[in-house]
Amino acid sequence: MVINMLVDNDICISSALEDYLESIYEISKQKTSVRITDIALALKISKPSVNRAVNTLKKQGLVSHEPYGDIILTEKGFELGEAVYHLSLIHISEPTRRR
């Protein structure tokens, strides 16, 4: 599921980056800080892979992050992360259709 969301510009991210963004959003709801290690553990993915994804999200203006520091959702990142999170809840709760 790729979401196009109009915030300031059209933002189009892959479903893989949506997973990272959703994970950052979920972790930030539970903890005061989000680190690369937190995301790696949550998604069961290597820390270098998470670091690459976070850098991509940073380039798109969705997170702020300094090396070895906390990952913080920007306003745009928060809005998109929240939207992805709620869409995933809707998707999970939808009954499977039989044809």
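If you're wondering where the values come from, they're calculated on a predicted model, not measured in any experiment.

Asks: Could you clarify how one ought to interpret the packing of helix α2 (residues 36–43) against helix α3 (residues 47–59) in this entry?
Replies: Between two packed helices, what matters for the description is the angle formed by their axes and the separation of those axes. Direction vectors running N to C along α2 and α3 enclose 115°, while the axes themselves pass 9 Å from each other. When the axes of α2 and α3 are compared, the pair comes out roughly perpendicular. Here α2 runs over α3; the crossing is right-handed. Only Lys47, Val50, Asn51 and Val54 of α3 make contact with α2, whose side of the interface consists of Ile36, Thr37, Ile39 and Ala40.

Asks: Any chance you could explain α3 here in plain terms?
Replies: For an α-helix, 3.6 residues make a turn, and residues three or four places apart therefore share a direction. Under the 1.5 Å per step criterion, the end-to-end length of α3 is 18 Å for 13 residues, consistent within 8% with the ideal 18 Å. By the burial criterion, the buried members of α3 are Ser49, Val50, Ala53, Val54 and Leu57. Buried residues in α3, looked at end-on, bunch into an arc of 130°, giving them a common side. With respect to the buried face of α3, the exposed residues turned more than 90 degrees away are Arg52 and Lys59. In this structure, the buried residues of α3 make contact with α1 (15–30), α2, β3 (63–65) and β4 (71–73). Looking one or two places after α3, you find Gly61, whose phi comes out positive at around 75°.

Asks: What's the story with the confidence of the model for the chain in this structure? I'm lost.
Replies: Low-pLDDT stretches of the model should not have their predicted coordinates read in fine detail. Mean pLDDT over the chain works out to 85, with 81% of the residues at or above the 70 mark. Low pLDDT (under 50) marks residues 1–8, which in the prediction has 24 contacts with non-local residues, meaning those over four places away or in another chain.

Asks: For this particular structure, what's the right way to read the side chain of Asp38?
Replies: Here Asp38 lies in helix α2. For Asp38, a relative accessible area of 16% translates into the label buried. In this structure the side chain of Asp38 is engaged in a polar contact, spanning 2.9 Å, whose partner is the backbone nitrogen of Arg35. Setting aside chain neighbours within four positions, we find Asp38 in contact with Ile27, Lys31 and Ser33.

Asks: Where do I start with unusual backbone geometry in this structure?
Replies: Peptide bonds are mostly trans, and most non-glycine residues show a negative phi. Unusually for a residue other than glycine, Lys44 sits at a positive phi of about 55°. Mapped onto the elements, Lys44 comes out in the loop between α2 and α3. Backbone geometry places Tyr68, a non-glycine residue, at a positive phi of 65°. Examined against the element boundaries, Tyr68 turns out to sit in the loop between β3 and β4. Using a relative accessible area of 77% as the deciding quantity, one classes Tyr68 as exposed.

Cut-offs used in this document
- Residues numbered from 1 in each chain as written.
- Predicted model: local features only at pLDDT ≥ 70, side-chain atom pairs only at ≥ 80, totals over all residues.
- Heavy atoms only, no water.
- Axes fitted to C-alpha atoms, helices over the stretch in contact; angles between N-to-C directions.
- Helix = DSSP H or I, 4+ residues; strand = E, 2+ residues; numbered from the N terminus.
- Parallel < 35°, antiparallel > 145°, perpendicular 65-115°, else oblique.
- Left-handed = near helix turned anticlockwise from the far one by under 90°.
- Contact = heavy atoms within 4.5 Å.
- Expected span 1.5 Å × (residues − 1).
- Buried < 20%, exposed > 50% of the residue type's maximum accessible area, 1.4 Å probe, protein only.
- Arc of directions from axis to C-beta.
- pLDDT = per-residue confidence, 0-100.
- Polar contact = N/O pair within 3.5 Å; in protein donor to acceptor, adjacent residues only side chain to side chain.

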